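Observations on the model geometry
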Amino acid sequence: MTTAEITAPAPGPVSDEPSLLTRARWAISDTLIITKRGLLVWMRVPAYIVFTVIQPVMFVLLFRYVFGGAIPVSTPGGYVNFLMPGIIAQTAAFACFGTAIALAQELQKGVIDRLRSMPMARSAVLSGRLVADSLRMLVTILIIVAVGYAVGFRFLNGFGPAVAMIALATLFGIAFCVIAAFTGLAIGDEESVQAFGLIWLFPLTFVSSAFVPISSMPGWLQAFAYHQPVTQVVDAMRALALGGPQYPLEPSLWQSFAWLAGIFIVFIPLAVRAYRRAS
């Protein structure tokens, strides 16, 4: 009688590396933790609330009641309807100051180095900051819309376009926050970041269609005002909010998307590179 030998198959190599799905779940979880941290700081530091909420409200009241009577427009509903899309876009753009300053502070204090040393997704520091700032920005925009309604602003184009206008403003603010993330990490000094933000952000917002018709500007300035992202986004927001033949949607909307896509394509890699080099 013979005994048959049964050879068990050799065990395959055992890999301890987590799957792509598992790593994605970890990255999302870490991002949410950093987001919560950013929102808690915003709620517990009164200076952040003053800068992000009270300042835009002051702009609304100043332009509505101080400058509004001196700026003639042919917009249905008067100057307040012309003004509010510009104020909302400015509010979204100015939210990027918080992103740049917070990243510069954390870089100076060594917080980013400490977070890097922890067992967490490296992308969570940047993505969590952007998500927190986006939520903060959305809350501020909704407050500004409510203030606008209190001083006479009205959506004339229906509920759906109104929601689309708020979404476009938020996307616009996120794009500027990406720029601010790069500058905050690249410069790394809080005061320098603030000064640099004023240099590039104020001309873009004020030399645009946000507060006055571009036709009222000198001819040499109109070319710049027409062909820059703030004007295109504000015109698209105005078309969504008010509608009508005076504010056609398609040209400004597509140009807005082109500008925003270009900002994301250029500055997301730059921000990631600056984050990797930051120390």
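These lines cover the structure that appears in this document, whether it is placed above or below. (Residues numbered from 1 in each chain as written. Predicted model: local features only at pLDDT ≥ 70, side-chain atom pairs only at ≥ 80, totals over all residues. Heavy atoms only, no water.)

Time to look at the overall build of the chain. A count of helices and strands for the chain gives 11 helices and zero strands. Along the chain, helices (α) and strands (β) appear in the sequence α-α-α-α-α-α-α-α-α-α-α when read from the amino end. Principal-axis analysis of the C-alpha atoms gives the chain an extent of 110 × 45 × 35 Å. In the chain, which comprises 279 residues, the proportion classed as buried is 46%. Within the chain, counting contacts between residues at least 6 apart in sequence, those at least 24 apart form 78% of the total. For the chain, the accessible area works out to roughly 14500 Å², and carbon and sulfur atoms hold 69% of it. If the 17 positive side-chain charges of the chain are averaged to one point and the 12 negative ones to another, these points end up 7 Å apart. (Helix = DSSP H or I, 4+ residues; strand = E, 2+ residues; numbered from the N terminus. Buried < 20%, exposed > 50% of the residue type's maximum accessible area, 1.4 Å probe, protein only. Contact = heavy atoms within 4.5 Å. Areas by Shrake-Rupley, 256 points an atom, 1.4 Å probe, with all protein chains shown as cover. Lys, Arg positive; Asp, Glu negative; His and termini not counted. Charge placed at Lys NZ, Arg CZ, Asp CG, Glu CD.)

What follows covers the packing of aromatic side chains. Per the stated rule, a full pass over the model turns up 16 aromatic pairs. With a centroid separation of 5.4 Å and 20° between ring planes, the pair formed by Phe-202 and Phe-206 is classed as stacked. Residue Phe-202 and its partner Phe-206 are located together in helix H8 (residues 190–206), separated by four residues, close to a single helical turn. Residue classification places Phe-206 among the partly exposed positions, given a relative accessible area of 30%. By way of ring pairs, the aromatic residues Phe-59, Phe-63, Phe-67, Phe-94, Phe-97, Phe-202, Phe-206 and Phe-211 are connected into one cluster. Over the ring of Phe-82 we find Arg-238; its NZ or CZ atom is 3.8 Å from the centre of that ring. (Phe/Tyr/Trp six-rings, centres within 6.5 Å; stacked < 30°, edge-to-face > 60°. Lys NZ or Arg CZ within 6 Å of the ring centre and 35° of its normal.)

The subject of this paragraph is the nonpolar core. Grouped together as the largest cluster of nonpolar side chains are 59 residues, with contacts concentrated most on Phe-172 and Phe-176. Elements that contribute at least two residues to this core include exactly helix H2 (46–67), helix H3 (79–94), helix H4 (96–109), helix H6 (124–150), helix H7 (159–187), H8, helix H10 (229–242) and helix H11 (250–277). Among residues more than four places away in sequence, those in contact with Phe-172 are Ala-89, Ala-92, Ala-93, Val-230, Val-233 and Leu-260. Residues Ile-34, Leu-103, Leu-107 and Tyr-275 belong to the second largest nonpolar core, which totals 17 residues. (Core = buried A, V, L, I, M, F, W, Y, C linked by side-chain atoms within 4.5 Å.)

Running from N to C, H6 and H7 point in directions that differ by 140°, and their axes come no closer than 9 Å. One finds that H6 runs oblique with respect to H7. H6 and H7 meet at a crossing whose hand is right-handed. Along the contact surface, H6 presents Leu-126, Leu-130, Asp-133, Ser-134, Met-137, Leu-138, Ile-141, Leu-142 and Val-145, while H7 presents Ile-166, Ala-169, Thr-170, Gly-173, Ile-174, Cys-177, Val-178, Ala-181 and Leu-185. Among the residues forming the contact of H6 with H7, the class breakdown is 14 nonpolar, three polar and one charged. (Axes fitted to C-alpha atoms, helices over the stretch in contact; angles between N-to-C directions. Parallel < 35°, antiparallel > 145°, perpendicular 65-115°, else oblique. Left-handed = near helix turned anticlockwise from the far one by under 90°. Nonpolar A, V, L, I, M, F, W, Y, C, P; charged D, E, K, R; others polar.)

A few words now on the pattern of salt bridges. Taken as a whole, this structure holds five salt bridges when the rule is applied. One salt bridge in this structure joins Arg-129 and Asp-133, with 3.5 Å as the shortest N-O distance. Here Arg-129 pairs with Asp-133, and both are found in helix H6, just four residues apart, close to one helical turn. Taking relative accessible area as the criterion, Asp-133 reaches 2% and is therefore assigned buried. Among the salt bridges present, the one from Asp-133 reaches Arg-136, with a minimum N-O distance of 2.9 Å. Of the two residues, Asp-133 and Arg-136 are both situated in helix H6; the distance of three residues between them amounts to about one turn of the helix. (Salt bridge = Lys/Arg side-chain N within 4 Å of Asp/Glu carboxyl O.)

Turning our attention to a nonpolar patch on the surface. A contiguous nonpolar patch, built from Val-50, Ile-54, Met-58, Leu-61, Leu-62, Tyr-65, Val-66 and Phe-67 and spanning about 750 Å² of accessible area, is present on the exposed surface. By the element assignment, Ile-54 lies in helix H2. Since its relative accessible area comes to 43%, Ile-54 is described here as partly exposed. (Patch = residues over 30% accessible without salt bridge, like charges linked within 9 Å, V, L, I, M, F, W, Y side chains within 5 Å.)

On to the environment of Gly-184. With respect to the secondary-structure elements, Gly-184 resides in helix H7. The spatial distance from the C-alpha of Gly-184 to the C-alpha of Glu-106 is 9.8 Å, given a sequence separation of 78 residues. In this structure Gly-184 touches Ala-100, Ala-104 and Val-193, once residues within four positions along its chain are discounted.

Attention shifts here to the packing of H7 against H11. One way to put it is that H7 packs onto H11 with a least axis distance of 8 Å and a crossing angle of 30°. Taken together, the axis directions place H7 and H11 in an arrangement best described as roughly parallel. The chirality of how H7 crosses H11 is left-handed. Along the contact surface, H7 presents Leu-168, Leu-171, Phe-172, Ile-174, Ala-175, Phe-176, Val-178, Ile-179, Ala-181, Phe-182, Leu-185 and Ala-186, while H11 presents Leu-253, Phe-257, Leu-260, Ile-263, Phe-264, Phe-267, Ile-268, Leu-270, Ala-271, Ala-274 and Tyr-275. When grouped by side-chain class, the residues that make up the contact of H7 with H11 number 23 nonpolar, no polar and no charged.

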